[in-house]
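Coordinates in review
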Amino acid sequence: MVQSRDPTGRIEPRGALHGIRVVDMTTAILGPYATRIFGDLGADVIKVESPVSELVPRHGGPQRSSGMGALHMSVNRNKRSVRLDLQKPKNAAAAKALIETSDVFIHSVRQRSIEKLGLAYEQVKALNEKLVYVHCSGYGSGGPYSGRQAYDDLIQGASGMTDLLGRRNGTDAPAYLPSLLADKTAGLHAAYAVLAALFHRERHGEGQFIEVPMFECVVSFHLVENLWGAVFDPPLSEAVFPRNVDSERRPVKAKDGFICLMPAGRDGWLAFFRAVGREDVLESAEFREVGRQPTSPKGFYDVVEQVAQTKTVAEWLELLDVANVPVMKSQTMGELFDDEHLQSVGFFERRRHPTEGAILSTAHPVLFGRTPAVTSTDARRLGDDTEAVLSEIGMTIDDVEI
């Protein structure tokens, strides 16, 4: 990705987290997504894994060779892989030695299991008082759900997100979002929590324990706008942002594809219909309230689509840009990879992986003027860095049980 420079034109070639060591014992998507961000920002992320702990994402999706699945290639870049079966005493000792030399330890092991390994916070904090210790859990400790298994589908359902999708679809049947939204949302919470803890340590010289409960993180994210009238006590309306469940709201069909419109309020919609000579639409009795309420009258988007089908997508983009009406093409997944903007900013990176051949990955989306985020290391094969990392803590391969 093209990086912007600071006013002096200088760029620090290393990421902002250069010099920070992270021991990563997370699985699935939540934790690995968070630690991918740390790796992109220059941290030395050491992924401790056993042959069974990383079935997902190592074996998730298409793969050219065993253990190098599509999800692993995407979420585990910029990390070193150390193979350690922590059920074996020698290996648990090696993990402790590694944690002792690190700044951050992050895991997604349930509390009872992490205690059996001797790696719970109270068991390791004496080794490293400045350690930022992060437990990615399904549900916060102290509540009745604590210790339950948590996966994206379960959290989407428990958070109420599936209820809103059902309403938007015009049925009472809940539905899942077509994305691992819960995992990735909680992963972002984990990322900023670690950065905040590192900042606190910089100021006060002390580490701390952090719990990142997936359920609470997603409910917090979900209720930003959907708390709506329930923000007042007693509630002024139900807890749902009406526009989110507006079954009328949708991309509209043009001659050769779909467009997404977002005119702001009644004035915005007037500008849209004025641009095509149909301002009379909003003066009809049926549509007089358009833009004054958060939802659209029944049948409104049918009318919009009738107008939209008179032009091609390209013609709409040109016409509405002149009219200052927000519009974008609704792209298919296939079209996304040829998007001219993403191509221009270098968002998609094509490289050759040392063992997997030609690959495609996405650049880090945030631009840093002085400390650019980069992909320095593609996803590694299981255990590729075991010997090198052990040597850094004064151990050899003979000191562990592979």
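One structure accompanies this document, and this report is about it.

What counts and what doesn't
- Residues numbered from 1 in each chain as written.
- Predicted model: local features only at pLDDT ≥ 70, side-chain atom pairs only at ≥ 80, totals over all residues.
- Heavy atoms only, no water.
- Core = buried A, V, L, I, M, F, W, Y, C linked by side-chain atoms within 4.5 Å.
- Buried < 20%, exposed > 50% of the residue type's maximum accessible area, 1.4 Å probe, protein only.
- Helix = DSSP H or I, 4+ residues; strand = E, 2+ residues; numbered from the N terminus.
- Contact = heavy atoms within 4.5 Å.
- Pairing = 2+ DSSP bridges.
- Polar contact = N/O pair within 3.5 Å; in protein donor to acceptor, adjacent residues only side chain to side chain.

What about the nonpolar core?
Judged by nonpolar contacts, the single largest core of 36 residues is most densely connected at Val 22, Phe 38, Val 104 and Val 134. The set of elements that each furnish at least two residues to this core consists of helix H1 (30-40), strand E4 (104-107), strand E5 (132-137), helix H9 (181-204), strand E6 (208-213) and helix H10 (214-226). A per-element tally of this core places H9 first, with eight residues. Sequence-distant contacts of Val 134, that is, excluding residues within four places in its chain, are made with Val 104, Phe 105, Ile 106, His 107, Val 194, Ile 210 and Val 212.

As for the pairing of E4
A regular strand places its side chains on the two faces of the sheet in alternate fashion. Burial along E4 is two-sided: the face carrying Val 104 and Ile 106 and the face carrying Phe 105 and His 107 are both buried. Across four bridges, the pairing between strand E1 (residues 21-25) and E4 is parallel. Looking at E4, one finds that Val 22 is bridged to Val 104. Note: E4 against E5, four bridges, orientation parallel. Its bridge partner being in E5, Phe 105 is matched across the sheet by Tyr 133.

Overview of the side chain of His 364
Along the polypeptide, His 364 turns up in the loop between strand E11 (357-362) and helix H16 (386-392). For His 364, a relative accessible area of 11% gives the class buried. Polar side-chain contacts of His 364 include one of 3.0 Å to the side chain of Asp 40.

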